[in-house]
Amino acid sequence: MEQKNNSDQVLNTVRSIVYHLNDVNWVKMTQKMMALPINNVKLLDDITNIIFDRALKRQNYTHIYAQMCARLINDSKFNNLIATDTEITFQKVLLKKCHDVFYSNYQEELNKLKDTMKNDNMVPKKCLSGVLNNFLFDFQKRSICNCRFIGELFKNGAFPEKYILKCIGDLGKEKNDNNYELQMHCLCIILQSVGLILSKTSYDLNKNINKLVSSMENHGMSSTLKCLIKKLKIMNSKGWMDEEPVKFAGTNCNAYRDLPPHMQMVYRVRSKKIMSDWAYDESHDHRLNVVNNYKIEVRSNIPPKL
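Residues numbered from 1 in each chain as written. Predicted model: local features only at pLDDT ≥ 70, side-chain atom pairs only at ≥ 80, totals over all residues. Heavy atoms only, no water.

- Under an unreviewed UniProt entry, the name given to the protein chain is MIF4G domain-containing protein, and the organism recorded is Macrosiphum euphorbiae.
- In the Sequence similarities (unreviewed entry) part of its UniProt record, the protein chain is described as follows: "Belongs to the eukaryotic initiation factor 4G family." (UniProt positions renumbered as here; feature names shortened; annotations may be inferred.)

So, in structure tokens, the structure goes:
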């Protein structure tokens, strides 16, 4: 019971630190974090969860959370507070969380939501549209903020180069028709953060930039993404000068309901398309079941051959 109380006290302190982190106090707050008594893996995982979730929710302060995480990763005392009989470190736990969000499957998450809707017996017209709007917004915002956080971690030496190259390579692979624009936007966000560093290595950034430029021929691409690709092209040609990143429309809002009306319409259009696809799939399954049941009944009424 005493250990649980101590853990709760530590977690409350962590929440207080990360919720009030800013450009002025982050060094002092990081030192306060380093002094916390972390003596088990469960507590470390809970602390990392709090930091990671807050970093993705406050996108304008992502660089500050990345700087704090880099200090924690490089502080041997902070990592030695964890049980010595395990190889678990703060960096490994943090990278695992970044990995899980980066490789979260859009279609799988959508199917889980669909199953939840069925189990809850929700009325589609009244409930499904709003839930879908929130899902689309949250998935998109979390994916983009995670990529920005990954890029900032790399800039601070807290994200290995081989992993950042793998992220860039995976985003630049085959076209994902279901979420192609989000995939391209995530690639832009990472390149914008790490381009200056990678340009000084043997890695060829021109290949990625040229592929993004060629994708602009997609007539369905938003003007926001086209603007970001053009800016990346200019940055690449000028040696990756540091510029204010172009933000994905709506990501400064914390929830779908905070979006301006014209941006809410974008999500409503997408959610209506998903709803129509679901309705078609369900009607197809229903027709197939009717046909199969009819065949079974016919077979059962056929008299046996003599």
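### Comments concerning the packing of aromatic side chains
Okay, step 1: As enumerated under the stated definition, the model contains six aromatic pairs in all.
Okay, step 2: Look at tyrosine 106 and phenylalanine 135: their rings are 6.0 Å apart centre to centre, the planes differ by 35°, and that puts the pair in the tilted class. On the criterion of sequence distance, the pair formed by tyrosine 106 in helix H7 (residues 106-120) and phenylalanine 135 in helix H8 (residues 124-155) is long-range, its members being 29 residues apart. Accessibility assignment for this pair places tyrosine 106 and phenylalanine 135 in one class, buried.
Okay, step 3: Among the aromatic residues, those joined into a cluster by ring pairs are Tyr106, Phe135 and Phe139.
Okay, step 4: Directly above the ring of tyrosine 19 sits arginine 54, whose terminal nitrogen or CZ lies 4.0 Å from the centroid.
Okay, step 5: The ring of tyrosine 61 is capped by arginine 58, whose NZ or CZ atom sits 4.1 Å from the centre of that ring. (Phe/Tyr/Trp six-rings, centres within 6.5 Å; stacked < 30°, edge-to-face > 60°. Helix = DSSP H or I, 4+ residues; strand = E, 2+ residues; numbered from the N terminus. Buried < 20%, exposed > 50% of the residue type's maximum accessible area, 1.4 Å probe, protein only. Lys NZ or Arg CZ within 6 Å of the ring centre and 35° of its normal.)

### Let's talk about the side chain of serine 193
Okay, step 1: The residue serine 193 is located in helix H10 (residues 180-198) in this model.
Okay, step 2: With relative accessibility at 13%, the residue serine 193 sits in the buried group.
Okay, step 3: When sequence neighbours within four positions are dropped, the list of residues in contact with serine 193 reads Arg148, Gly151, Glu152 and Lys155. (Contact = heavy atoms within 4.5 Å.)

### Looking at the packing of H10 against helix H12 (residues 223-237)
Okay, step 1: Packing of H10 against H12 brings their axes to within 10 Å, and their N-to-C directions diverge by 30°. On the basis of their axis angle, the class for H10 and H12 is roughly parallel. Of the two elements, H10 crosses H12, and the hand of that crossing is left-handed. Within the contact between the two elements, H10 uses Glu181, Met184, His185, Cys188, Ile189, Leu191 and Gln192 and H12 uses Leu225, Leu228, Ile229, Lys231, Leu232 and Met235.
Okay, step 2: Counted by class, the contact of H10 with H12 contains nine nonpolar, two polar and two charged residues. (Axes fitted to C-alpha atoms, helices over the stretch in contact; angles between N-to-C directions. Parallel < 35°, antiparallel > 145°, perpendicular 65-115°, else oblique. Left-handed = near helix turned anticlockwise from the far one by under 90°. Nonpolar A, V, L, I, M, F, W, Y, C, P; charged D, E, K, R; others polar.)

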